[in-house]
Amino acid sequence: MNINILELIEGAKAARGLTVIIDVFRAMTVEAYVINNGAKDLIPMGDIDEAYAYREAHPGTILIGERGGAKCPGFDFGNSPFEIKDVDFSGKTVVHTTSAGTQGIANATHATEIVAGNIVCAMAIADYIKKSGAEEVSLVCMGLAGVKPTREDRLCAEYIKSLVEGTCIDLKKGVEECMVDDGAKFFDPEKQNVFPEEDFWLSVEANKFDFVMQVQKGGDGLMHTVRKG
């Protein structure tokens, strides 16, 4: 098994084989909570206008997402795991659009399979990779808006790779480094309305969930995030 760590939009475009699109802060962490909280259907979208149009055509659809970190105008929720962690999405269709994570899904056009990547499902993802029999695995770190590498996404990729290979990295140390690097915004008192501190801790809670999120193209031509396990 050949495991490659790639980065950003260009990395998503270059991804081959079983591809894990990683966005720790916060898109793929949010998707884990949406799935865990019972959503009937979760649709990741790259285009915000497509999200608005989908809800217009399908009343009752829940819109979740951000641009520049802040909740998109007219959306039900921002891209915050803390905001939705106790929301019951049972029976609901949720459309999710962000600056990085969902853009990675949209651009991974050469992947044979796409899985949503985060720290909260890391062990389940690693087990899924090991059992897949895939010859090639791409771990894509989406970073900030898909154009700037971030420490937390690289940490997640290295952690998943280490779990697959049976090696060991110091995840706790890596998380501490994120606190004073790309995660510092979550500890800024002036940014709590957009980046609440709770989002940081919820996003780095290793192996909270025991399922994998596979992203599949449906008969409607859209991508759908589906729980496996």
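Heads up: the structure comes first, above all this text.
Let us look at the structure shown here.

What counts, and at which threshold
- Residues numbered from 1 in each chain as written.
- Predicted model: local features only at pLDDT ≥ 70, side-chain atom pairs only at ≥ 80, totals over all residues.
- Heavy atoms only, no water.
- Helix = DSSP H or I, 4+ residues; strand = E, 2+ residues; numbered from the N terminus.
- Rg over C-alpha atoms; globule rule 2.2 N^0.38 Å.
- Buried < 20%, exposed > 50% of the residue type's maximum accessible area, 1.4 Å probe, protein only.
- Contact = heavy atoms within 4.5 Å.
- Areas by Shrake-Rupley, 256 points an atom, 1.4 Å probe, with all protein chains shown as cover.
- Lys, Arg positive; Asp, Glu negative; His and termini not counted.
- Charge placed at Lys NZ, Arg CZ, Asp CG, Glu CD.
- Arc of directions from axis to C-beta.
- Salt bridge = Lys/Arg side-chain N within 4 Å of Asp/Glu carboxyl O.
- Pairing = 2+ DSSP bridges.
- Core = buried A, V, L, I, M, F, W, Y, C linked by side-chain atoms within 4.5 Å.
- Axes fitted to C-alpha atoms, helices over the stretch in contact; angles between N-to-C directions.
- Parallel < 35°, antiparallel > 145°, perpendicular 65-115°, else oblique.
- Left-handed = near helix turned anticlockwise from the far one by under 90°.

**Remarks on the overall build of the protein chain**
Okay, so step 1: The helix and strand tally for the protein chain stands at nine helices and ten strands.
Okay, so step 2: The C-alpha radius of gyration computed for the protein chain amounts to 16 Å, which stays within 12% of the reference 17 Å derived for 229 residues, consistent with globular compactness.
Okay, so step 3: Principal-axis analysis of the C-alpha atoms gives the protein chain an extent of 45 × 45 × 30 Å.
Okay, so step 4: Expressed as a percentage of the 229 residues in the protein chain, the buried residues total 55%.
Okay, so step 5: Excluding contacts between residues fewer than 6 apart, the proportion of contacts in the protein chain whose partners are at least 24 apart in sequence is 74%.
Okay, so step 6: In the form shown here, the protein chain has an accessible surface area of approximately 9,800 Å², with 49% of it arising from carbon and sulfur atoms.
Okay, so step 7: Distance from the positive charge centre (23 side chains) to the negative charge centre (35 side chains) of the protein chain: 2 Å.

**Section: helix α3 (residues 48-57)**
Okay, so step 1: Of all the positions in α3, only Ile 48, Ala 51 and Tyr 54 are classed as buried. On an axial view of α3, the arc spanned by its buried residues comes to 115°, and they lie on one face. Facing away from the buried side of α3 by over 90 degrees, the exposed positions are Asp 49, Glu 56 and Ala 57.
Okay, so step 2: Close packing links the buried residues of α3 with β3 (41-44), β4 (62-67) and β6 (93-97).

**Describing the pattern of salt bridges**
Okay, so step 1: Tallied over the full model, the rule gives nine salt bridges.
Okay, so step 2: In the salt-bridge network here, residues are joined through shared partners; they are Arg 151, Glu 177 and Asp 181.

**Examining the pairing of strand β7 (residues 111-117)**
Okay, so step 1: Counting buried positions along β7 yields six of seven residues, so the element is predominantly enclosed.
Okay, so step 2: For strand β2 (residues 17-22) and β7, the ladder comprises six bridges, and the chain directions are parallel. Its bridge partner lying in β7, Val 20 is registered against Val 115.
Okay, so step 3: In this structure, β7 lies alongside strand β9 (residues 212-217), joined through two bridges in antiparallel fashion. By the bridge assignment, Ile 114 is partnered in β9 with Val 215.

**Describing the pairing of strand β8 (residues 136-141)**
Okay, so step 1: With five of its six residues buried, β8 lies for the most part within the structure.
Okay, so step 2: Pairing of strand β1 (residues 2-7) with β8, which is carried by six bridges, proceeds in the parallel orientation. Paired with Glu 7 across the strands is Cys 141, a residue of β8.
Okay, so step 3: The sheet contact formed by β2 and β8 spans five bridges and is parallel. In the strand pairing of β8, Ile 22 is matched with Cys 141.

**Describing the nonpolar core**
Okay, so step 1: Ile 21, Val 34, Ile 64, Phe 89, Ile 129, Leu 139 and Ile 160 are the most contacted members of the largest nonpolar core, which has 66 residues in total.
Okay, so step 2: For this core, the element with the most residues is helix α7 (residues 151-165), which contributes seven residues.
Okay, so step 3: Each residue touching Ile 21, except ones within four places of it in the same chain, is listed here: Ala 12, Met 28, Gly 101, Gly 104, Ile 105, Ala 108, Ile 114, Val 115, Ala 116, Gly 117, Val 140 and Met 142.
Okay, so step 4: The next biggest cluster of nonpolar side chains, apart from the first, holds ten residues, and it includes Ile 48, Ala 51, Leu 63 and Val 95.

**Points about the packing of helix α6 (residues 122-132) against α7**
Okay, so step 1: Two numbers describe how α6 lies on α7: the axes approach to 9 Å, and their chain directions differ by 50°. What the angle tells us is that α6 and α7 run oblique. The crossing of α6 and α7 is right-handed. Along its contact with α6, which presents Ala 122, Met 123, Ile 125, Ala 126, Ile 129 and Lys 130, the element α7 presents Tyr 159, Ile 160, Leu 163 and Val 164.

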